Amino acid sequence: MTTRFIEIMVGAFVAVGCAALFMLAMKVSNLSTLSSAEGYHLTAYFENIGGLKVRSPITVSGVKVGQVTGIVFDPDRLQAKVTLLLEMDHDYFSTDTAASIYTAGLLGEQYIALEPGAEDETLKDGDTVEFTQSALVLEEIVSKFISNVASS
Amino acid sequence: MPNPDAEPLVEIRDLYFSRGANSIFKGLSLDIRRGQITGFMGPSGTGKTTLLKLIGGQLFPSRGTVFVEGHNVHALSRGPLYALRKRMGMLFQSGALLTDINVFENVAFPLREHTKLPEQIIRDLVLIKLEAVGLRGARKLMPSQLSGGMARRVALARAIVLDPMMIMYDEPFTGLDPITKGTIVTLIKQLNNALGLTSILVSHDVEETMSISDYIYVISDGEVVESGTPSSLKQSSSEWVQQFLNGYPDGPAPFHYPAPEYIEDLLLGR
Amino acid sequence: MMNWLQNLGRKGLLLFEGLGRAAIFFVGMVGGLGVALLRFRLTLREIYSVGVLSLVIIVVSGLFVGMVLGLQGYVNFAKFNAEESLGIFVALSLVRELGPVVTGLLYAGRAGSALTAEIGLMKTTEQLAAMEMMAVDPMRRVFAPRFLAGIISMPLLAAIFSAVGVLGGYFVGVGLLGVDAGSYWSQMQASVDFSEDIVNGVIKSAVFGVACNWIALYEGYDAVPTAEGVSRATTKTVVRSALAVLGLDFILTALMFGDI
């Protein structure tokens, strides 16, 4: 067993290992999907975000265009402030775009759906989405339904 | 002929060592003189190998001191101890060659670890030492391909490759055929005289040890029982020494392991 | 009763003695890491024997584990019409748990036992003592390079295991059972976070690498220098490494993902 052979084999091993790590990073994880360097941020305020989480997807017509990067409670507006990160090439959202929180399937993950409006001007980095619709909370719907039935 | 009054290289003073509840040395004191071959003899299990490890600083005594060249071995910090060890060679009973490299690399090992000599000089030095033990032709063999005697000779070449001031031999004759034994005896003698070494020889092979040692210590039960030149030892009045030197099966050292009376023991089974 | 108490006390003392010796051994080994880095050629040899030689078993096991995950996942997700979640299931199980843990277990069996046997044999044949007498510190020359090699190899092996496993799941789920390839990958990417999942998986496998190599090298170093002693030490290595990997995995999982 020559030193050269060992060196070549170890080199190959390290290369394969690094390739595997690279694959895990780029193909399996979200590293390739979006980094803040190549996207722009928007802000949206919601009365209730339901089960929305950081990293929840943002879609347009069901197509993923970005993800949630931050959720905090804004004490001035008494609303949840959600930071959205959108991919650079999706820069066509008009200023009257509406953001709604929906649930994928009956029990699935929650996500934000954007619906572009009719204005010509588009949203820029740091802008706020004015029209928002909060998450539907099952208990609220049920209690509304019950009180409606009771009062009628 | 080595000077019988040479100054001591190794001085052992009042050495105590025990392993668990077993005390191995009980106040051992002796000198090993420069340029001589000093033999240590004694029955198996008297801690002869332990003595070598104590001199080499691999084991620590519970009391007493070992001076090598005036340094207290067990008070040295790591750096000076390692520097001292570079000047001590040790030949282990099994040879203790590194099994994953060949003969040449084994002998070159101390050079590669401790020096930054160019490859050509390392090659020359290794071949000189291998020639000295008669194994220059075996340099490409792996340790597993060597016989016991050859492995010991390679180990000897390795022990002298850094030109030490002393070599410790741990049971160098055990398990060898008469020819190989003769070879090793000659080698030890030759190396000691040619390189001006101090040799410490631990063995229970009476004949070989007597034939090459300048001075002999007989150790039993953790103490020096008798010491002297080989010829004076033969005249020893101690019955025990006579039994050991001549190999009588029974005497002061009993043939039987301590046991109850034989007849009683047999009757007990009834 | 007294006897029983004495026995307990003695066992306790032995346990502490063993732990203490292992800790001192660990510190000595870490102290030698600088030399292992400087003389990287020594480490390279060891990466070959613990890393490269473990590659076959890691790749084959990874492939099969991934394929089983693909099959099991598909069968169960199909009940809820959620086949497209297969990618998430396969990737998260591999990256977070199975990759590091199974690699650690296989490593203990393949490389750890070999390390213990090698060191034990070196001790039995007095090679370690001979090195010490040649003023060569075995901690630096023998143990530290092997330790470093293990720590380098383990995360790479775990990454290879996970990557091959994801491909195995893809092969079964997409290739054989007809899950949509696009949703396999995109769902995976949407749910697997780089810093949270991949990096934590790498950290886990590095920790397992430290534990497995520490155990394997220490058991060899501490082995009774006889043939029987070495074989016992080898067994101990496999058992203790496996327990260490599983125990550490629980602790690390709780710290990383458990919000405890």
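Residues numbered from 1 in each chain as written. Chains lettered and ligands numbered in written order. Predicted model: local features only at pLDDT ≥ 70, side-chain atom pairs only at ≥ 80, totals over all residues. Heavy atoms only, no water.

A. The arrangement of the pairing of strand β2 (residues 22-33) of chain B in detail. Residue and element names in this part refer to chain B. Two strands pair when backbone bridges link them, and strand β1 (residues 8-19) and β2 are joined in this way by 9 bridges, in the antiparallel orientation. Bridge assignment links serine 18 to a residue of β2, and that residue is serine 23. Counting the residues between successive antiparallel strands, the hairpin from β1 to β2 contains 2 residues, one of them, glycine 20, with a positive phi of roughly 65 degrees. (Pairing = 2+ DSSP bridges. Helix = DSSP H or I, 4+ residues; strand = E, 2+ residues; numbered from the N terminus.)

B. Spatial organisation of the sheet that holds strand β5 (residues 98-103) of chain A. All names here are of chain A. Pairing is mixed in the open sheet, where 8 strands are placed in the order β7-β1-β4-β3-β2-β6-β5-β8. Pairing within the sheet leaves two strands with one partner each, and these edge strands are β7 (128-129) and β8 (131-133). One ladder, built from 8 bridges, connects strand β3 (residues 63-74) with strand β4 (residues 79-87); its direction is antiparallel. Across the sheet, the residue bridging to glutamine 67 is leucine 85, located in β4.

C. Just the packing of helix α5 (residues 148-159) of chain B against helix α6 (residues 178-195) of chain B, in detail. Residue and element names in this part refer to chain B. Contact geometry of α5 with α6 gives a least axis separation of 10 Å together with a crossing angle of 10 degrees. By the angle between their directions, the pair α5 and α6 is classed as roughly parallel. Residue-level inspection shows Gly149, Arg152, Arg153 and Leu156 of α5 in contact with α6, the latter providing Thr180, Thr183, Ile184, Leu187 and Leu191. The residue makeup of the contact of α5 with α6, split by class, is 4 nonpolar, 3 polar and 2 charged. (Axes fitted to C-alpha atoms, helices over the stretch in contact; angles between N-to-C directions. Parallel < 35°, antiparallel > 145°, perpendicular 65-115°, else oblique. Contact = heavy atoms within 4.5 Å. Nonpolar A, V, L, I, M, F, W, Y, C, P; charged D, E, K, R; others polar.)

D. Spatial organisation of the interface of chain C and chain A. Facing the 30 residues of chain C at the interface are 27 residues of chain A. Summing the contributions of chain C and of chain A, the shared interface buries around 2500 Å²; its carbon and sulfur component is 76%. Remark: the boundary between chain C and chain A carries 1 salt bridge. We note a salt bridge from arginine 41 of chain C to glutamate 7 of chain A, for which the minimum N-O separation is 2.8 Å. For the interface between chain C and chain A, the tally reads 2 residue pairs in polar contact (both at pLDDT 80 or more). Every element with two or more residues in the side of chain C that touches chain A is listed here: α3 (40-50), α5 (86-124), α7 (138-176), α8 (181-191) and α9 (194-222) of chain C. (Buried area = accessible area lost by both parts, 1.4 Å probe. Salt bridge = Lys/Arg side-chain N within 4 Å of Asp/Glu carboxyl O. Polar contact = N/O pair within 3.5 Å; in protein donor to acceptor, adjacent residues only side chain to side chain.)

E. The arrangement of the pattern of salt bridges in detail. Under the criterion given, the structure shown has 23 salt bridges over all chains. Of the charged contacts, one joins arginine 146 of chain C and glutamate 118 of chain C as a salt bridge, the two residues approaching to 2.8 Å between their closest N and O atoms. Residue arginine 146 of chain C is located in helix α7, and its partner glutamate 118 of chain C is located in helix α5; the two are separated by 28 residues in the primary sequence. Under the relative-accessibility criterion, arginine 146 of chain C is labelled buried at 5%. For arginine 232 of chain C, the salt bridge goes to glutamate 228 of chain C, with nearest N and O atoms at 3.5 Å. Placement of both arginine 232 of chain C and glutamate 228 of chain C in helix α10 (residues 227-257) is noted, with a separation of 4 residues, approximately one turn of the helix. Neither arginine 232 of chain C nor glutamate 228 of chain C differs from the other in exposure class; each is exposed. Among the charged side chains, a network of salt bridges with common partners joins Glu11, Arg13 and Asp31 of chain B. (Buried < 20%, exposed > 50% of the residue type's maximum accessible area, 1.4 Å probe, protein only.)

F. Layout of the confidence of the model for chain C. Confidence in the prediction of chain C, expressed as mean pLDDT, is 90, and 99% of residues score 70 or more. Scored by ipTM, the complex comes to 0.82, with pTM at 0.81. (pLDDT = per-residue confidence, 0-100.)

G. Geometry of the side chain of threonine 198 of chain B. Residue and element names in this part refer to chain B. The topology assignment puts threonine 198 in strand β8 (residues 198-202). Overall, threonine 198 belongs to the buried group, its relative accessible area being 3%. In contact with threonine 198, other than residues within four places in its own chain, are Leu9, Ile32, Arg33, Arg34, Gly35, Gln36, Met165, Met166, Ile167 and Asn192.

H. Main features of the arrangement of the chains. For this structure, the chain pair with the highest number of contacts among 2 pairs of chains in contact is chains A and C. The two partners chain A and chain B share no contact, and the minimum distance between any of their C-alpha atoms is 11 Å.

I. Focus on the interface of chain B and chain C. Facing the 21 residues of chain B at the interface are 15 residues of chain C. Summing both sides of the interface, chain B and chain C together bury roughly 1800 Å²; the carbon and sulfur share of this comes to 54%. Seen at the junction of chain B and chain C, the total is 3 salt bridges. At the junction of chain B and chain C, the tally comes to 10 residue pairs in polar contact (both at pLDDT 80 or more). Contributing elements (two or more residues each) for the side of chain B that touches chain C: α2 (78-85), β6 (88-91) and α3 (103-114) of chain B. For the side of chain B that touches chain C, the leading source of residues is α3 of chain B, giving 4 residues.

J. Broad picture of the environment of glycine 165 of chain C. Residue and element names in this part refer to chain C. Summarising the element assignment, glycine 165 is placed in helix α7. A relative accessible area of 0% places glycine 165 in the buried class. Sequence-distant contacts of glycine 165, that is, excluding residues within four places in its chain, are made with Gly62, Gly66, Val90 and Leu94.

K. Spotlight on empty space enclosed by the protein. Summed over the entire model, instances satisfying the criterion amount to 2 cavities of 30 Å³ or more. In this structure, the largest cavity is lined by 15 residues; those nearest its centre are Met88, Gly89 and Ala159 of chain B together with Met133 and Met134 of chain C. Elements with a contribution of two residues or more to the lining of the largest cavity: β6 and α5 of chain B together with α6 (127-133) of chain C. Of the residues belonging to the lining of the largest cavity, the class tally is 11 nonpolar, 1 polar and 3 charged. Of the pockets and cavities examined, the second largest cavity occupies roughly 80 Å³. For the second largest cavity, the lining is made up of 13 residues, of which Leu24 of chain A together with Ala158, Ala159, Gly201 and Val202 of chain C are closest to its centre. For the lining of the second largest cavity, the secondary structure elements donating two or more residues are α1 (3-28) of chain A together with α5, α7 and α9 of chain C. (1 Å grid on protein atoms, 1.4 Å probe; cavity = no way out; pocket = protein on both sides within 12 Å on 5 of 7 lines; lining within 4 Å. Points joined across faces, edges and corners; volume = space filled by probe spheres on them.)

L. View of the sheet that holds β6 of chain B. Residues and elements named next belong to chain B. Taken in spatial order, the 6 strands make up an open sheet running β6-β7-β8-β3-β9-β10, and their pairing is mixed. Whereas interior strands pair on both sides, the edge strands pair on one side only; in this sheet they are β6 and β10 (223-228). If you compare each strand with its neighbour and ignore which way they point, the axes differ by 15 degrees on average. Across 4 bridges, the pairing between strand β3 (residues 37-41) and β8 is parallel. What sits directly across from glycine 39, in β8, is leucine 201. Docked against the sheet, helix α1 (residues 48-55) engages β3, β6, β7 (166-170), β8 and β9 (215-220), running at close to 155 degrees with respect to β7.

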